[in-house]
Amino acid sequence: MGEVGMSVVAAAVCVGAAVWLLGERHSGARRAQLLLEGGEVVGVGPPSWRSLAGELRRIREWLRAEWWSAGVGLVLSLLGASVLPVAAGLAGVPLLRRMRLAREERRRRELRGDAVITLCGTLAGEVRSGRQPGEALLRAAHDSSGLGDAQAAVLAAARFGGDVPGALATAARQPGAEGLRGLAACWRVAVDQGAGLAAGLDRLEGALRADRDQRADLRAQLAGARSTAVMLAGLPALGLLLGTALGADPLHVLLHTGLGLGCLLVGAVLEGLGMWWATRIVRGAEAT
């Protein structure tokens, strides 16, 4: 395998040892928790299937999707006897983590938007049933659990006669909860001028639902463009697989020859530029 291959194997062993030590670091707390829950002696005898499943779940949570980049790079390093793939895989971990966090934040934003729509509809129903606005908001806010950290402030303002519009405006600063500004405006108009709160909430709910449906429709229309971009991004990997299946050694050419390294560098730059440009086009369409 050579010195390079031995160094890659040693790096893989170090990574495995780090994962094992990470699991052992929490073993004491985990044993104490199991002892308190089940009243059994923990740590003696073979592990149960439940503890094994819990350990696998913890490893899966720790090994987020971005770490698969390092794993693929390690495999390619072993196959190609070079440290370049594992270095590229480790370099891709921060980028993939950023993408995952952005996807999770977008999901939280969508959940907050759905919670605001639910809050408006529930509050309108409570007001129509004859409840006072403060009591109706208390009941409706308890049913809407996706408003985030500012939900407690809104409940406190409604319960103790505080500044409900101010609490709603503060909660509206969270991404996805912008519709609470409209709810605060409806509250001010209903309380200060005696206007019908339920009618304003109905119109607000309808507008928020229409906006959400429009974004969902646009996202569905752009799904084809995203799929095409992902497919084009995966063509180089398909080319490597086809070359290997035909009996060639594309990894050796790319990683151990000057012409191959040049092609690899140019291809990586063009791949990154293509993905960036496609992502920019899609995001521009979404923003419009």
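Calculation rules
Residues numbered from 1 in each chain as written. Predicted model: local features only at pLDDT ≥ 70, side-chain atom pairs only at ≥ 80, totals over all residues. Heavy atoms only, no water. pLDDT = per-residue confidence, 0-100. Contact = heavy atoms within 4.5 Å. Phe/Tyr/Trp six-rings, centres within 6.5 Å; stacked < 30°, edge-to-face > 60°. Axes fitted to C-alpha atoms, helices over the stretch in contact; angles between N-to-C directions. Helix = DSSP H or I, 4+ residues; strand = E, 2+ residues; numbered from the N terminus. Parallel < 35°, antiparallel > 145°, perpendicular 65-115°, else oblique. Left-handed = near helix turned anticlockwise from the far one by under 90°. Nonpolar A, V, L, I, M, F, W, Y, C, P; charged D, E, K, R; others polar. Buried < 20%, exposed > 50% of the residue type's maximum accessible area, 1.4 Å probe, protein only. Salt bridge = Lys/Arg side-chain N within 4 Å of Asp/Glu carboxyl O. Core = buried A, V, L, I, M, F, W, Y, C linked by side-chain atoms within 4.5 Å.

Peer 1: Help me out: how do you make sense of the confidence of the model for the protein chain in this one?
Peer 2: As a note on interpretation, predicted positions should not be read in detail where pLDDT is low. Mean pLDDT over the protein chain: 77, with 74% of residues reaching 70 or higher. Here residues 1–6 scores under 50 on pLDDT; set against residues more than four positions off or in separate chains, the count is 5 contacts. Within the model, the stretch residues 17–46 combines pLDDT values under 50 with 13 contacts to residues more than four positions away or in other chains.

Peer 1: For this particular structure, what's the right way to read the packing of aromatic side chains?
Peer 2: Aromatic rings considered in pairs are described by the distance between their centres and by the relative angle of their planes. Enumeration according to the criterion identifies 1 aromatic pair in this entry. Between Trp-276 and Trp-277, the aromatic rings sit 6.0 Å apart at their centres with planes inclined by 50°, giving tilted as the arrangement.

Peer 1: I would appreciate a short explanation of the packing of helix α5 (residues 84–128) against helix α10 (residues 197–233) in the present structure.
Peer 2: Helix-helix packing is described using two parameters, namely the angle between the two axes and the distance between the axes. Across the interface, α5 lies against α10 with an axial gap of 9 Å and an inter-helix angle of 155°. If you check the angle between α5 and α10, you find them roughly antiparallel. Of the two possible hands of crossing, α5 and α10 adopt the one that is left-handed. Residues Glu-110, Asp-114, Val-116, Ile-117, Cys-120, Gly-121, Leu-123, Ala-124, Val-127 and Arg-128 of α5 pack against Leu-197, Ala-198, Leu-201, Asp-202, Leu-204, Glu-205, Leu-208, Arg-209, Arg-212 and Arg-219 of α10. Along the lines of polarity and charge, the residues of the contact of α5 with α10 split into 11 nonpolar, 1 polar and 8 charged.

Peer 1: What exactly am I supposed to notice about unusual backbone geometry here?
Peer 2: Note: most residues except glycine have negative phi, and most peptide bonds are trans. Even without glycine at this site, Ala-81 takes up a positive phi of about 55°. Following the sequence through the fold, Ala-81 ends up in the loop between α4 (67–80) and α5. Residue classification places Ala-81 among the partly exposed positions, given a relative accessible area of 25%.

Peer 1: Looking at this model, I keep getting lost on the pattern of salt bridges. Mind explaining?
Peer 2: Pairs can form between side chains of opposite charge once their charged atoms are near each other. Inspection of every chain in the model, using the stated rule, returns 13 salt bridges. A salt bridge links Glu-110 to Arg-107; its shortest N-O distance comes to 3.7 Å. With Glu-110 and Arg-107 both in helix α5, this residue pair falls 3 residues apart, about one helical turn. A relative accessible area of 27% places Glu-110 in the partly exposed class. For Arg-107, a relative accessible area of 48% puts it in the partly exposed group. Here Glu-110 and Arg-219 are joined by a salt bridge, their closest N and O atoms 3.3 Å apart. One end of the pair, Glu-110, is in helix α5; the other, Arg-219, is in helix α10, and 109 residues separate them in sequence.

Peer 1: I'm lost on the nonpolar core in this one. Help?
Peer 2: Side chains of nonpolar character tend, in soluble globular proteins, to be buried together. Grouped together as the largest cluster of nonpolar side chains are 33 residues, with contacts concentrated most on Leu-123, Leu-137, Leu-180 and Leu-183. Among the elements of the structure, α5, α6 (133–143), α7 (151–159), α8 (164–171), α9 (180–193) and α10 are those that each provide at least two residues to this core.

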